[in-house]
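# Fold and contact review
Chain by chain, the residues run as shown.
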Number of protein chains: 2
Amino acid sequence: MPVALHGTGVSRGIALGPARLLQRGGLDIPQYVLPPHLVDEEVERFIAALEAARTQLRAIRQQIPAGTPTDIAAFIDTHLLMLEDATLATVPIELILREGCNAEWALQMQQEALTRVFDQMDDAYLRTRRDDVAHAILRVQQLLLNQNQREAAIAAEAEDGRIIVTDDLSPGELVLLHQHNVAAIVTEHGGPMSHVAILARSLGIPAVVGVHNAWQYIRDGEPVVVDGRQGVLLAGLDAQGAAFYRTRQQQEKRARAQLHRLKDTPTVTADGAAIALFANIELPEDIQAARRVGAAGIGLYRTEFLYMNRSTPPDEDEQYRAYSKVVKAMKGKPVTIRTLDLGADKTADGAPPERGGANPALGLRAVRLCLREPELFRPQLRAILRASTHGTVRLLIPMISTLQEVRQVQELIAEARDDLRRRRQAFAGNIAVGGMIEVPAAAICAEDFARRLDFLSIGTNDLIQYTLAADRLDETINHLYQPLHPAVLRLIHTTLRAGTEAGIPVTMCGEMAGDPLLTRLLLGLGLTEFSVPPPALLEVKRIITASELEPLRRIARKILRQDDMEQSARLLAELNSDD
Amino acid sequence: MPVALHGTGVSRGIALGPARLLQRGGLDIPQYVLPPHLVDEEVERFIAALEAARTQLRAIRQQIPAGTPTDIAAFIDTHLLMLEDATLATVPIELILREGCNAEWALQMQQEALTRVFDQMDDAYLRTRRDDVAHAILRVQQLLLNQNQREAAIAAEAEDGRIIVTDDLSPGELVLLHQHNVAAIVTEHGGPMSHVAILARSLGIPAVVGVHNAWQYIRDGEPVVVDGRQGVLLAGLDAQGAAFYRTRQQQEKRARAQLHRLKDTPTVTADGAAIALFANIELPEDIQAARRVGAAGIGLYRTEFLYMNRSTPPDEDEQYRAYSKVVKAMKGKPVTIRTLDLGADKTADGAPPERGGANPALGLRAVRLCLREPELFRPQLRAILRASTHGTVRLLIPMISTLQEVRQVQELIAEARDDLRRRRQAFAGNIAVGGMIEVPAAAICAEDFARRLDFLSIGTNDLIQYTLAADRLDETINHLYQPLHPAVLRLIHTTLRAGTEAGIPVTMCGEMAGDPLLTRLLLGLGLTEFSVPPPALLEVKRIITASELEPLRRIARKILRQDDMEQSARLLAELNSDD
């Protein structure tokens, strides 16, 4: 009997092969109090396990084959860094000494404290960093308990062409699976922004996450099909069904190969309009991925990573080095550096948050925090100004909602310039200063902001969240989080028009920009600058180069007038029908 | 030396008189574990104290003089109800039995648990209910510790014309003070929506809250001045200063008397435009206050109170009785009943919330909750339909953001009518169904909603909060919560225009409607239906009757075009300059 288990498709591609069920199972963490004379010994045991975990990770890193995207190594490095950071390397020792508890339990307490911090974060991406901490801690706990056989099991069981069905995977495990040429992965945990999803996309492994109860329906070794675009795991197909998917697999392979040929072609619509296609990045290392797909520049360089998992913010020089690396690597192509977009509740040094408001998303975040704590902001502004000597830099202010904030940032930039002049340090004379349009007030008054800024960038994730008063991470109401809600489309249209009228560029860097199903609608609404995650770039480019603007404008105008999302969805499907 | 201590003026009026400093001081709550054979005795001790507290409250209630607004008694009743509810009457007993702890400590633990629940609520009004719990618990703890002398002290020390300067007041204490004819009150705790503020306004006692460190500057018995409008406590004034305030006091008294004469005059602008001036109410008892000021109807009857401080929601009949009481009392004048506006996080039966989202304000609230739990919603819809036989009822849906929600509510109303028909219970054939415009998406798409609803009601508090992504209860960013932000004014204008075009009325029931400083701006923007707290009604009426629309429209158009809030504030001041 055919079985279809649905999850979220996070990495496209179709795979057919025998299932390999791998279950991690929970680790039983013992808790006991040590006699005082054994406490020092316990600290030694912890330090040894920590060192062993680092050695393991370094070994995995070594095994990464040449030619693997460097962002994979970066994820392993993140775990290594965590195991060196005070949060995981020092705090548990203090707990062992203070409480006299065993090392496994000290790690467990610290993990729970960190989980609470991460759970309060309102950015989906940052919240998934919780999984990194969990994976890093689990590795040490497994070593402490001598239960470190899973990676060995993976190495033994993963064979060419297997489809791995499991509860959860760490980045290290995924690298191992990739080396053994698995055909696809299906996990119970993780979302579209989890590491397993990001890595799978990066490695080109079809992946579906959030598939529950697979153990009830799938037998180990049974032939299954994974469709990473539709987010489905199929079993019990007859010959006809299997043939259907085999044909689709061939088609997708051909399409991917064609896609890659687009890398160096100009991004121009079929009727000749030039479109700018930028990449979003996170870490300086992500530059490789952006360059591999021929990005015209960096439309969003998130700087939060520099501030995470540490107890003091990075100093000006550290920031300067990170930004310069990106700017130099892009060789004159524009690099849009977004200033710190953390909330007061997520200076994630492991300490509990300093009593954030009841609604962190409506609280002290991003530019609000930076203006309230200018000593946090000034080093970043100076670092960005200095890095701008190495290429073309655009400075992007997140979460602006009043002109007053724009003025204050401009004053701080002027002061930063004065500081650098006094210090006789080089900086580019004039960098573009732009604002993120993600608060409804900023979109409604986009024309006012367009007159005072050099460019705008629409952050659709927050814009949708606030416009609909719907936190998309809240499962009870995320059906209201609707990119096609007419209010959202009208605000995007207002912002694009404001840019045109003021003669300044408007980029879109939220998830809508990277969704190929929305590319034509956005073109029709007048968007000319997209900033997307590197893995989505070529598909968006393919659609752009295959589209003529005029008919898109007509349907976009029609969609803009709809009051009914279902009707808009139908019109959109029509728009994408020839794809 | 003159001293001016600033707080928040919460009840207007000027008072001059000697200060009387009253400090509650913290109650030292002991914590100990009882030997098992004394636990039952401790439970008895707790029950006795609880009963004594109820007796005290009943006595205070008896002492309320005839002619005092009935909402005062309602506040005392709230405390009485709390002391009868399982939250305070049963849970502490369970704690004593389970933990073997003393009764004072059991109450303390329960209070802390409740405080956490209340602190997560995102409605300023509901959050202040925390103070009720604290006051009710304190009363029992004082009785348990035989430290119940404060009310006696108040009775002894409060004399005619004294200005009470204190840390905090319970409703019972304020009633006692009122009976002793105090001239004004100044407290350290509490905000504009605290009970002390609401009661003081209701009783006409000038009041300033949030005044810190008064003990450092004011001596007991010293002559002081309180300005309840400006929110200031002054001491050390010279003869000239005192004379200035005495004159202003006389002027205010005359103005108040004149205001009262407006009660029965029609609400018409100086150039003849009729304006509807409704009242917001909370409890059926508030009807008295609404009638005393001659409200044209109830523009917002919040129904949350029925659901608070209890473990099961009120059944249909209980709701029917409450709604009918209001509808009958209004004798045919319209009564706008807003359906349940609670969040999943605030079904405040004392149980910890069921894992609300990270941002309750962006989560499962109001109509979202009602549509997800139709068994909670259906009895309310039936009760409203039944109550509508006694007069004119308008049903108001809070927090709509999509047309889909409107359709779902309309279907549930049709089903409720069918149910009543089957049961052969009477209901009015056709009641008006309206929607709150408080989510930005609803305001942006107001024309779409206006075509499908019988009226709209602008809830400015949430509308401002979401439009600016600024929780006004978050002290770090509430400077961004700006009614004059051009985006807010443009959304109000869009909504009013949508109502005009669709030919349906648009009411405003948020705090902006009751702010006399904004009355003229709102008239100029085209608002014709205000719903305000009863104490603000006559002042708003005075301004309306003294205004001509045409010049207001001109300045409102000018303000609407401003991109600078400071300039808008100047234009607004000009608008109000002759006042």
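Coordinates for the structure precede this section.
Counting from 1, residues in each chain are numbered in the order their sequence is written. The order in which chains are written sets their letters, starting at A; the order in which ligands are written sets their numbers, starting at 1. At least 70 in pLDDT is required for a residue's local features to be given in this predicted model, at least 80 for side-chain atom pairs to be given and counted, and no such filter applies to totals for whole chains, interfaces and linings, which use all residues. Side-chain numbers come from the whole structure's heavy atoms, not from hydrogens or water.

### Brief notes about the overall build of chain A
A tally of regular secondary structure across chain A gives 26 helices and 16 strands. Exposed residues in this analysis have more than 50% of their type's maximum accessible area, buried residues have under 20%, and partly exposed residues fall in between, with area computed by a 1.4 Å probe over protein chains only. The 579 residues of chain A split such that 59% are buried. Within chain A, residue pairs in contact and separated by at least 24 positions form 71% of the contacts whose partners lie at least 6 positions apart. Surface accessibility in these figures is a Shrake-Rupley result with a 1.4 Å probe; residues are shielded only by whichever protein chains are displayed. Total accessible area computed for chain A in this model is approximately 22,900 Å², and 50% of it derives from carbon and sulfur atoms. Per the convention used, a helix needs a DSSP run of H or I reaching at least four residues, while a strand needs a run of E reaching at least two, with both numbered from the N terminus. Should any heavy atoms of two residues lie within 4.5 Å, those residues are considered in contact.

### Remarks on the relation of the copies chain A and chain B
Mapping between the two copies of the chain is achieved by a rotation about an axis and a shift along the axis. Placing chain A over chain B gives an RMSD of 0.3 Å and needs a rotation angle of 180 degrees, together with 0.1 Å of translation along the axis. Both copies are brought into coincidence by an operation consistent with a two-fold rotation axis. No C-alpha of chain A lies nearer the rotation axis than that of A:N359, which sits 2.2 Å from it. Comparing interface residues between copies, 100% of those in chain A also sit at the interface in chain B, which points to an isologous, same-surface contact. Here the copies were fitted onto each other by least squares, based on C-alpha atoms from residues at pLDDT of at least 70 in both.

### Some details on the nonpolar core
Take the buried residues of types Ala, Val, Leu, Ile, Met, Phe, Trp, Tyr and Cys, join any two whose side-chain atoms come within 4.5 Å, and each joined set is a nonpolar core. By size, the foremost hydrophobic cluster in this structure holds 223 residues, and its most contacted members are A:I298, A:L521, A:F530, B:I298, B:L521 and B:F530. Setting aside residues up to four positions removed in sequence, B:F530 forms contacts with B:I275, B:A276, B:L277, B:F278, B:T507, B:M508, B:A513, B:T519, B:L522, B:L523, B:V540 and B:I544. By size, the runner-up hydrophobic cluster in this structure holds 33 residues, among which are A:L50, A:L88, A:A89 and A:I137.

### Remarks on the pattern of salt bridges
Residue and element names in this part refer to chain B. Any carboxyl oxygen of Asp or Glu within 4 Å of a side-chain nitrogen of Lys or Arg constitutes a salt bridge here. If you walk through the whole model with that rule in mind, you get 69 salt bridges over all chains. Of the charged contacts, one joins R58 and E51 as a salt bridge, the two residues approaching to 3.7 Å between their closest N and O atoms. In this structure, R302 engages E282 in a salt bridge whose closest nitrogen and oxygen atoms are separated by 3.1 Å. Taken together, the positions of R302 in strand β10 (residues 298-302) and E282 in the loop between β9 (276-281) and α13 (287-292) put the pair 20 residues apart, joining distant regions of the chain. The exposure class of R302 is partly exposed, given its relative accessible area of 23%.

### Considering the environment of A:L537
Residue and element names in this part refer to chain A. Looking at the element boundaries, L537 is found in helix α24 (residues 534-545). L537 gets classed as buried once you look at its relative accessible area, which sits at 1%. Between the C-alpha atoms of L537 and I137, which are 400 residues apart in sequence, the distance is 34 Å. Apart from residues no more than four positions distant in its own chain, L537 is found in contact with L277, F278, A279, V293, A295 and V532.

### A few points about helix α9 (residues 171-179) of chain A
Residues and elements named next belong to chain A. Of all nine residues that make up α9, seven are buried, and the element is covered over most of its length. Within α9, burial applies to P171, G172, E173, L174, V175, L176 and L177. N181 sits one or two residues past α9 and shows a positive phi near 60 degrees.

### What about the side chain of A:T507?
Residues and elements named next belong to chain A. Structurally, T507 is set in strand β15 (residues 506-508). A polar side-chain atom of T507 sits 2.7 Å from a polar atom in the side chain of E529. When sequence neighbours within four positions are dropped, the list of residues in contact with T507 reads F278, R394, L456, S457, I458, L527, E529, F530 and S531. Whenever two N or O atoms come within 3.5 Å, that pair is a polar contact, provided that in protein one can donate a hydrogen and the other can accept it, and provided that, for residues adjacent in sequence, both atoms are side-chain atoms.

### What about the sheet that holds strand β13 (residues 432-437) of chain B?
All names here are of chain B. Spatially, eight strands are ordered β9-β10-β11-β12-β13-β14-β15-β16 in a closed barrel, and the strand pairing comes out parallel. Sheet twist, expressed as the average angle between the axes of neighbouring strands with direction ignored, equals 25 degrees. Whether two strands pair comes down to DSSP finding at least two bridges between them. Sheet topology note: the strand β14 (residues 455-458)/strand β15 (residues 506-508) ladder contains three bridges and is parallel. Across the sheet, I458 pairs through a bridge with M508, a residue of β15. Where helix α23 (residues 534-545) meets the sheet, its contacts fall on β9 and β16 (529-532), and the angle it forms with β9 comes to roughly 165 degrees. Axes, fitted as lines to C-alpha atoms, cover a helix only where it is in contact. Angles between the N-to-C directions of the axes lie from 0 to 180 degrees.

### Some words on the interface of chain A and chain B
Contact with chain A, which involves 49 residues of that partner, is made by 49 residues of chain B. In this description, buried area is defined as the sum, over both parts, of the accessible area (probe of 1.4 Å) that is lost when the two are combined. Buried area between chain A and chain B, summed over both chains or domains, comes out near 3,700 Å², and the portion from carbon and sulfur atoms is 57%. Per-residue buried area on chain A facing chain B is highest for A:N359, A:L362 and A:D563; these three make up 17% of the total on that side. Between chain A and chain B we count eight salt bridges in total. Linking A:D563 and B:R452 is a salt bridge whose minimum nitrogen-to-oxygen distance equals 3.0 Å. Linking chain A with chain B are 20 residue pairs in polar contact (both at pLDDT 80 or more), by the criterion used here. Of all elements in the fold, only α15 (366-372), α17 (403-422), α18 (440-444), α19 (446-450), α20 (460-467), α21 (486-502) and α26 (565-575) of chain A reach the threshold of two or more residues within the side of chain A that touches chain B. Grouping the constituent residues of the side of chain A that touches chain B by class yields 22 nonpolar, 10 polar and 17 charged. Any residue outside Ala, Val, Leu, Ile, Met, Phe, Trp, Tyr, Cys, Pro, Asp, Glu, Lys and Arg is labelled polar, Gly included; the first ten of those are nonpolar and the last four are charged.

### Side note on helix α12 (residues 239-261) of chain A
Residues and elements named next belong to chain A. A helix is expected to span 1.5 Å multiplied by its residue count minus one. Its 23 residues place the ends of α12 34 Å apart at the C-alpha level, agreeing with the 33 Å of an ideal helix rising 1.5 Å per residue. Regarding α12, the residues found buried are G241, A242, Y245, R248, Q249, E252 and L259. Turning to α12, the residues buried within the fold contact β3 (14-22), β7 (223-227), β8 (232-235) and α24.

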